[in-house]
Amino acid sequence: QVQLAESGGGLVQAGGSLRLSCAASGRTGRSFVMGWFRQAPGKEREFVAAIEWKTVTTYYADSVKGRFSMSRDYAKNTVYLQMNSLKPEDTAVYYCACDPGGGYRGPYEYWGQGTQVTVSS
């Protein structure tokens with residue numbers, strides 16, 4: 001009963017920045033986790049970042065630590081992924097996900113449609 005709507009993907013040069021948004025609707029409650037995953041062509045889906053909605057605790061993959069950051073807008077039921085110092089290897093389809101159980105490792109039950117991020121060199 002949770003729907004996720006993503007936006008903010010696009011084309012950017014290496015070293016540039018993008019901000020992705022994910023708006024959630026439906027009965028999410030308060031104790032849940034919002035996460036970002038990405039999948040490049042021919043590769044497996046990988047975890048990028050997550051935020052605990054109630055505590056605002058964040059988690060990041062080592063590959064993006066120090067460059068990406070997550071935040072939330074309580075009133076809008078929206079999370080953001082600020083991506084700085086982008087590299088060509090960040091190119092992927094980025095997916096927003098929600099784990100109603102509140103564990104950042106999942107299982108993530110709800111998924112967005114994905115938004116393309118392309119970083120040129």
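Computed from a predicted structure; not experimentally measured.

Undergrad: Explain the state of the cysteines to me, using residue names and the numbers behind them.
TA: Applying the stated criterion to the full structure yields one disulfide. In this model, Cys22 is linked to Cys96 through a disulfide, with the two sulfur atoms separated by 2.0 Å. When the S-S torsion is -85°, as for the bridge of Cys22 with Cys96, the disulfide is left-handed. Taken as a pair, Cys22 in strand S3 (residues 18-26) and Cys96 in strand S9 (residues 92-99) lie far apart in primary sequence, 74 residues in all. With respect to class, Cys22 is no different from Cys96; both count as buried. The thiol of Cys98 is not disulfide-bonded; the next cysteine sulfur, from Cys96, is found 7.7 Å away.

Undergrad: Residues and numbers for the packing of aromatic side chains, please.
TA: Throughout the structure, instances matching the rule amount to eight aromatic pairs. An aromatic cluster of at least three residues, connected via ring pairs, comprises Phe37, Phe47, Tyr59, Tyr104, Tyr108 and Trp111. Seen from the ring of Trp53, Arg72 lies directly overhead, with NZ or CZ sitting 5.2 Å from the centre.

Undergrad: Break down the sheet that holds strand S7 (residues 68-73) for me, citing the residues and quoting the values.
TA: With respect to topology, four strands assemble into an open sheet ordered S1-S3-S8-S7, the strand pairing being antiparallel. The open sheet terminates on both sides in strands that have one partner only, identified here as strand S1 (2-7) and S7. Put simply, the sheet's adjacent strands are angled 20° from each other on average, direction ignored. Bridge count between S3 and strand S8 (residues 78-83): six bridges; the pairing is antiparallel. Paired with Leu18 across the strands is Met83, a residue of S8.

Undergrad: Describe unusual backbone geometry, listing the residues and the values that go with them.
TA: Following Gly106, the chain continues to Pro107 via a peptide bond in cis, the omega torsion being 5°. At Asn77, a residue that is not glycine, the phi angle is positive and equals roughly 50°. Non-glycine residue Ser85 carries a positive phi angle of around 50°. Residue placement: Ser85 occurs in the loop between S8 and S9.

What counts, and where the lines are drawn
- Residues numbered from 1 in each chain as written.
- Predicted model: local features only at pLDDT ≥ 70, side-chain atom pairs only at ≥ 80, totals over all residues.
- Heavy atoms only, no water.
- Disulfide = S-S within 2.5 Å.
- Helix = DSSP H or I, 4+ residues; strand = E, 2+ residues; numbered from the N terminus.
- Buried < 20%, exposed > 50% of the residue type's maximum accessible area, 1.4 Å probe, protein only.
- Phe/Tyr/Trp six-rings, centres within 6.5 Å; stacked < 30°, edge-to-face > 60°.
- Lys NZ or Arg CZ within 6 Å of the ring centre and 35° of its normal.
- Pairing = 2+ DSSP bridges.
- Axes fitted to C-alpha atoms, helices over the stretch in contact; angles between N-to-C directions.

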